[in-house]
Amino acid sequence: MRRFEDEVAVVTGGAHGIGLAIVRRLAEEGAVVAVADLDGAVAESVAAQVGGLAITCDVGDRSSVDAAFATVLHRYGRLDVLVNNVGVCVLTPFEQTDDEVWQRSVDPTLTGAVRCIQAALPHLLANPAGGSVVSIGSVNGLMAFGDPAYSAAKAGLQSLTQNMAGRYGPQALRARGQGGPGVRFNLVAPGTVRTRSWTSDENKASALDRVARHYPMGRVGEPEDIAAAVAFLASSDAAWITGAVLPVDGGITAVHSGFVLDVDRW
Ligand SMILES: NC(=O)c1ccc[n+]([C@@H]2O[C@H](COP(=O)([O-])OP(=O)(O)OC[C@H]3O[C@@H](n4cnc5c(N)ncnc54)[C@H](O)[C@@H]3O)[C@@H](O)[C@H]2O)c1
């Protein structure tokens, strides 16, 4: 499948983990991908592998985000797809979550997506084929699995996605005297996915097998499981899908077996 031939995509946090799998999938399907990541060195090597563009970018900083999108537009002259993939989970018991700890999760995870959407929107709206935004939420935003700050930020992304879908669909644009095909906004909500956010911590890595047993599919997810869903929602195969929340979670939210990430035990 080459669903993104001649299209330009920006993937935030595209240097590692789920973002990296998304970059590879979109590139395999024909997109030119800008890898926007704090980790500029790894972004460079990923971009080189896929023939894309590396941009050192901090979604926590509006001027950095604005500069990243200006670079993409200057280089390619168009934008088709934005994937808001950055998410930060600061595992801290709620009682110890002060304002600074709360913001360390909520700012990059939720406000970072707002900054990227605002920087991307004029270009997505100007796209004659319509634009698409896919944000990476989490099952933590749908149900109580633990870590309130991260979970609240992910729940906020769901509301943001639904509000944007209404506001920037062609019907609302027409009502505001604007034309155009508009922009679709969707959210993928992964369950546990084997990335360094699990494997770099010995205690968490050893919990992965235990966690997998709660999943109806009998395993945790791989980054490619998420990338496949993102590519679907970003593509014209999902032309009539907007404002949707797609759990890609091995069935965990269907059964919610009551496991909670107990950070106090880690
Ligand atoms: N791994 C899981 O189990 C899981 C489950 C549900 C949802 N998610 C979500 O999937 C997304 C990716 O998670 P992952 O596990 O692949 O993480 P990861 O740590 O492997 O990768 C995150 C990437 O984001 C980049 N990044 C971090 N802060 C940034 C910032 N301020 N600006 C720009 N780039 C920044 C990092 O450099 C890294 O490349 C996140 O939104 C996460 O919340 C992950």
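For the structure itself, look to the data block above.
I will try to describe carefully the structure that is included in this document. Bear in mind that the values here come from a model prediction, so they are computed numbers and not experimental data.

1. Topic: the site of the ligand
Around the ligand, the surrounding shell holds 27 residues, and the nearest of these are Asp37, Asn85, Tyr150, Val193 and Thr195. The backbone of Cys57 places a nitrogen or oxygen atom 3.4 Å from a nitrogen atom of the ligand. Contact between the ligand and Tyr150: an oxygen atom at 2.5 Å from a side-chain N or O atom of the residue. Taken by itself the ligand offers 840 Å² of open surface, and the protein chains cover 91% of this. Within the residue set of the shell around the ligand, elements represented by two or more residues are α1 (17-28), α5 (148-167) and α7 (196-199).

2. Topic: the sheet that holds strand β1 (residues 8-12)
If you trace the seven strands from one edge of the open sheet to the other, you get β3-β2-β1-β4-β5-β6-β7, paired in parallel fashion. If you trace the sheet from one side to the other, it starts and ends with β3 (53-56) and β7 (245-248), each paired once. Adjacent strand axes in the sheet meet at a mean angle of 20°, parallel and antiparallel pairs treated alike. Pairing of β1 with strand β2 (residues 32-37), which is carried by five bridges, proceeds in the parallel orientation. By the bridge assignment for β2, Ala9 is matched with Val33. Sheet strands touched by helix α3 (residues 62-76): β1, β2, β3 and β4 (81-84). Its angle to β3, the strand with the most contacts, is close to 160°.

3. Concerning α5
Its 20 residues give α5 an end-to-end C-alpha distance of 28 Å, which sits within 8% of 28 Å, the value for a rise of 1.5 Å per residue. Taken as a whole, α5 has its buried residues at Ala149, Tyr150, Ser151, Ala153, Lys154, Leu157, Leu160, Thr161, Met164 and Ala165. Turning to α5, the residues buried within the fold contact α4 (99-125), β5 (131-136) and β6 (183-190).

4. Let's talk about the side chain of Lys154
Within the element layout of this structure, Lys154 appears in helix α5. Asp147 is the oppositely charged side chain nearest to the buried, salt-bridge-free Lys154, at an N-O distance of 10 Å. With sequence-adjacent residues up to four places away left out, Lys154 is seen in contact with Val86, Gly87, Thr109, Ile136, Gly137, Ser138 and Gly141.

5. A word on the side chain of Thr161
Note that Thr161 resides in helix α5. Engagement of the side chain of Thr161 in a polar contact is seen with the backbone oxygen of Leu157, the distance being 2.7 Å. In this view, Thr161 contacts Ser135, Phe185, Asn186, Leu187, Gly243 and Ala244; residues no more than four positions away in its chain are not counted.

6. Some words on the packing of aromatic side chains
A full pass over the atoms with the stated rule returns one aromatic pair. Here the aromatic rings of Tyr168 and Phe185 are separated by 6.3 Å at their centres, their planes lie at 45°, and the arrangement is tilted. Of the two residues, Tyr168 sits in the loop between α5 and α6 (170-175) while Phe185 sits in strand β6, which places them 17 residues apart along the sequence. Taken individually, Tyr168 and Phe185 each receive the classification buried, so the pair is uniform in this respect. Directly above the aromatic system of Trp198 lies the positively charged group of Lys204, at a separation of 5.0 Å from the ring centroid.

The rules we used
Residues numbered from 1 in each chain as written. Predicted model: local features only at pLDDT ≥ 70, side-chain atom pairs only at ≥ 80, totals over all residues. Heavy atoms only, no water. Near = heavy atom within 4 Å. Polar contact = N/O pair within 3.5 Å; in protein donor to acceptor, adjacent residues only side chain to side chain. Areas by Shrake-Rupley, 256 points an atom, 1.4 Å probe, with all protein chains shown as cover. Helix = DSSP H or I, 4+ residues; strand = E, 2+ residues; numbered from the N terminus. Pairing = 2+ DSSP bridges. Axes fitted to C-alpha atoms, helices over the stretch in contact; angles between N-to-C directions. Contact = heavy atoms within 4.5 Å. Expected span 1.5 Å × (residues − 1). Buried < 20%, exposed > 50% of the residue type's maximum accessible area, 1.4 Å probe, protein only. Lys, Arg positive; Asp, Glu negative; His and termini not counted. Salt bridge = Lys/Arg side-chain N within 4 Å of Asp/Glu carboxyl O. Phe/Tyr/Trp six-rings, centres within 6.5 Å; stacked < 30°, edge-to-face > 60°. Lys NZ or Arg CZ within 6 Å of the ring centre and 35° of its normal.

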